[in-house]
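Residues per chain, in single letters:
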Amino acid sequence: MADFSSGAVLDDDLDLSAAQGRKKARAAAGAKAVSWGGRGLNVAIGVSAVVVVAGLVLWAIQLSGGMVQTGMRNLNSWGLYITSFMFFVGLSAGGLIISSVPKAFGVAGFGGISKVAVMSSIACTVAAIGMVVVDLGQPARLWELFAYSNLGSPLMWDILVLGTYLILSCVYLWAQVRAEAGKVSRTVLRVISVVALVCAVLVHSVTAWIFGLQAGREMWHTALLAPWFVSSALVCGTALVICVAVALRGAGYLKWEQANLVKLAKLLGAFVMVDLYFFGCDLLTEGFPGGSGLEVVAMLTTGPLAPYFWVEIIGCAACAVICFTPALRRGGLLVVGSLLAIAGIFCKRVQLLVGGFQLANLDMPGPLTAMQHPAFDMGLSGIYGPMVYWPTPLEFGVTLGVVALGVLVFLLGVKLLPLRPTDGE
């Protein structure tokens, strides 16, 4: 591998110096990548498509009957859809960052998984946008967001940044494919990498500001939320890339060396420790010494959200142990650790969203009705004693349909696009 100071590139995903000499080999490899995929992949694509159609049918039922069919009400106006939106925005981070950082800084990459990683980012971003769409009671009025947009609202910032993020991810993937054919220069690809990296940080920061800038919610109003969102996104995004890469290696799509898997595992372990550190800082600030946020700490550790809290803590700690213990850094165990980290970050999103509504911020809310909460006849104590929100079967079905859409996008990319590393990567 050449020294970067001599003008060569260290990143094994970005070596374009021999593009002319390998042109025919790259073309053959690209054609082979496009035609890859047997019966198993086709069945997976078909199943995903069927689930997407089922999700569309359930969404049509939701639109016809109104949002009252969901578990959301005035006292808890966001639910599973927005929880999943935050989660998928985080999942989309890993692929783009893992691909863009080596190219932006001219360092060694992770063994030719760059294009696959970006494809996973695109699929997760599509799912995230889909979650926002199904959360709208009147999606036909979506155009009004742009016609009457309030640029002072973090919600509008997120719409703009998320759309830009998806477009930029697609452009970045296209640029990588063209660069391998010698049609895009190394300098242009590096510039796009830097812009993609900045946009990846922005999209998670802006999503955090939707919550963190709301002073009326004790659990949300903290300056730590934006960096915490970025760290959580790095955890679940990197974990997703590990799972996808190991699965594709097992299927024969990638020839991924164990050394690259170990490098990515160490990185995941470091991200997990940073995320747990941020969580500890937040809990200490909330609860010390018996401050106003002590109710938040009690709700998480021993209250209705305790199962989600402990799944996150135990799962992420177990993931860190696996990632930092050489004897445990094997493909199967690393996938288990990665899945534990992904589950932990999803639980974190549940804690954040539901926890924000779990603590009543109105002393006298007025007469309670069924439009405010399904358990309105139990009073505030009955509402806020257990979990204030639980999704209906309809919500689960629509969410599953959106998840299947993200899976379908990824599988089609694996089948139809030249995502496999070419010779020399």
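Further up the page is the structure itself.
Criteria and cut-off values
Residues numbered from 1 in each chain as written. Predicted model: local features only at pLDDT ≥ 70, side-chain atom pairs only at ≥ 80, totals over all residues. Heavy atoms only, no water. Helix = DSSP H or I, 4+ residues; strand = E, 2+ residues; numbered from the N terminus. Buried < 20%, exposed > 50% of the residue type's maximum accessible area, 1.4 Å probe, protein only. Areas by Shrake-Rupley, 256 points an atom, 1.4 Å probe, with all protein chains shown as cover. 1 Å grid on protein atoms, 1.4 Å probe; cavity = no way out; pocket = protein on both sides within 12 Å on 5 of 7 lines; lining within 4 Å. Points joined across faces, edges and corners; volume = space filled by probe spheres on them. Nonpolar A, V, L, I, M, F, W, Y, C, P; charged D, E, K, R; others polar. Disulfide = S-S within 2.5 Å. Core = buried A, V, L, I, M, F, W, Y, C linked by side-chain atoms within 4.5 Å. Contact = heavy atoms within 4.5 Å. Patch = residues over 30% accessible without salt bridge, like charges linked within 9 Å, V, L, I, M, F, W, Y side chains within 5 Å. Salt bridge = Lys/Arg side-chain N within 4 Å of Asp/Glu carboxyl O. Polar contact = N/O pair within 3.5 Å; in protein donor to acceptor, adjacent residues only side chain to side chain. Phe/Tyr/Trp six-rings, centres within 6.5 Å; stacked < 30°, edge-to-face > 60°. Lys NZ or Arg CZ within 6 Å of the ring centre and 35° of its normal. Expected span 1.5 Å × (residues − 1).

Undergrad: Looking at this model, I keep getting lost on the overall build of the chain. Mind explaining?
TA: When helices and strands are tallied, the chain shows 14 helices and zero strands. Expressed as a percentage of its 425 residues, the buried residues of the chain come to 52%. Of the roughly 18,400 Å² of accessible surface on the chain, a fraction of 71% belongs to carbon and sulfur atoms.

Undergrad: Could you clarify how one ought to interpret empty space enclosed by the protein in this entry?
TA: Rolling a probe over the atoms, with the probe sized like a water molecule, indicates the empty space that remains. Evaluation of the coordinates by the stated rule reveals three cavities of 30 Å³ or more. Put simply, the largest cavity is a space of about 130 Å³. Lining the largest cavity we find 13 residues, and of these M219, L225, W228, K348 and L352 sit closest to its centre. Of all elements in the fold, only α8 (225-250), α9 (258-287), α10 (294-301) and α12 (331-358) reach the threshold of two or more residues within the lining of the largest cavity. Partitioned by chemical class, the residues of the lining of the largest cavity number eight nonpolar, two polar and three charged.

Undergrad: Please explain the state of the cysteines as it appears in this structure.
TA: Linking two cysteines covalently through their sulfur atoms gives a disulfide. A full pass over the atoms with the stated rule returns zero disulfides. You can see C236 has no disulfide; the closest cysteine sulfur is in C124, sitting 8.3 Å from it. Take C236: its relative accessible area is 0%, and that puts it in the buried class. Here C243 is not disulfide-linked; the sulfur of C319 is the nearest cysteine sulfur, at 9.2 Å.

Undergrad: What's the story with the nonpolar core in this structure? I'm lost.
TA: The biggest cluster of nonpolar side chains holds 120 residues, and the ones touching the most others in it are F211, L300 and F410. At 18 residues, α8 tops the list of elements feeding residues into this core. In this view, F211 contacts W78, I82, M86, W220, L225, F229 and L353; residues no more than four positions away in its chain are not counted.

Undergrad: When you look at the environment of I210 in this model, what are you seeing that I'm missing?
TA: As for its placement among the helices and strands, I210 is situated in helix α7 (residues 186-212). Of the residues examined, I210 reaches a relative accessible area of 7% and is grouped as buried. Sequence separation between I210 and L225 is 15 residues, and the spatial gap between their C-alpha atoms is 10.0 Å. Ignoring sequence-local partners within four residues, the contact set of I210 consists of W78, P154, L155 and D158.

Undergrad: Looking at this structure, how should I read a nonpolar patch on the surface?
TA: On the surface, L142, L145, F146, L151 and L160 cluster together into a nonpolar patch covering about 450 Å² of accessible area. Positionally, L160 belongs in helix α6 (residues 154-180). Exposure remark for L160: the relative accessible area of 40% places this residue in the partly exposed category.

Undergrad: Looking at this structure, how should I read the side chain of Q176?
TA: Relative to the helices and strands, Q176 resides in helix α6. What makes Q176 buried here is its relative accessible area of 4%. A distance of 2.5 Å separates a polar atom in the side chain of Q176 from a polar atom in the side chain of S114. The residues touching Q176, leaving out its near neighbours within four places in the chain, are S99, K103, S114, K115, V118 and L189.

Undergrad: When you look at the environment of Q351 in this model, what are you seeing that I'm missing?
TA: Note on placement: Q351 falls in helix α12. Between the C-alpha atom of Q351 and that of L305, which follows or precedes it by 46 residues, the distance is 6.4 Å. With residues up to four places along the chain from it excluded, the contact list for Q351 reads M219, F279, L300, L305, Y308, F309, E312 and G356.

Undergrad: Even after reading the chapter, I still don't get the packing of aromatic side chains, so can you show me in this structure?
TA: In this description, an aromatic ring pair is defined by two values, namely the gap between the centres and the angle between the planes. Under the counting rule described, the total for this entry stands at 14 aromatic pairs. Geometrically, the ring pair formed by W78 and W220 is stacked, given 6.1 Å between the ring centres and 25° between the ring planes. Here W220 lies in the loop between α7 and α8 and W78 lies in the loop between α2 (39-65) and α3 (80-105), a separation of 142 residues in the sequence. With respect to class, W78 is no different from W220; both count as buried. Taking NZ or CZ as reference, R349 lies 4.4 Å from the ring centre of F229, over its face. Above the ring of Y253, the side-chain terminus of R420 is found at 5.2 Å from the ring centroid.

Undergrad: What exactly am I supposed to notice about the pattern of salt bridges here?
TA: Side chains that differ in charge, positive against negative, can pair when their charged atoms come close. Throughout the structure, instances matching the rule amount to three salt bridges. Put simply, D275 and K348 hold a salt bridge, and the shortest N to O gap is 3.3 Å. Of the two residues, D275 is situated in helix α9 and K348 in helix α12; the sequence distance between them amounts to 73 residues. Note on accessibility: D275 and K348 belong to one class, buried. The partner of K348 in a salt bridge is E312, and the shortest N-O contact between them spans 2.5 Å.

Undergrad: Would you take a moment to explain α2 for this structure?
TA: Within an α-helix, residues lying three or four positions from one another point in the same direction, as the helix has 3.6 residues per turn. For α2, which comprises 27 residues, the first-to-last C-alpha distance of 39 Å matches the rise-based estimate of 39 Å (1.5 Å per residue) to within 8%. For α2, the complete set of buried residues consists of L41, I45, S48, V52, G55, W59 and Q62. In the core, the buried residues of α2 are packed alongside α3, α4 (114-135) and α14 (393-416). Just beyond α2, the residue with positive phi is G66, at close to 95°.

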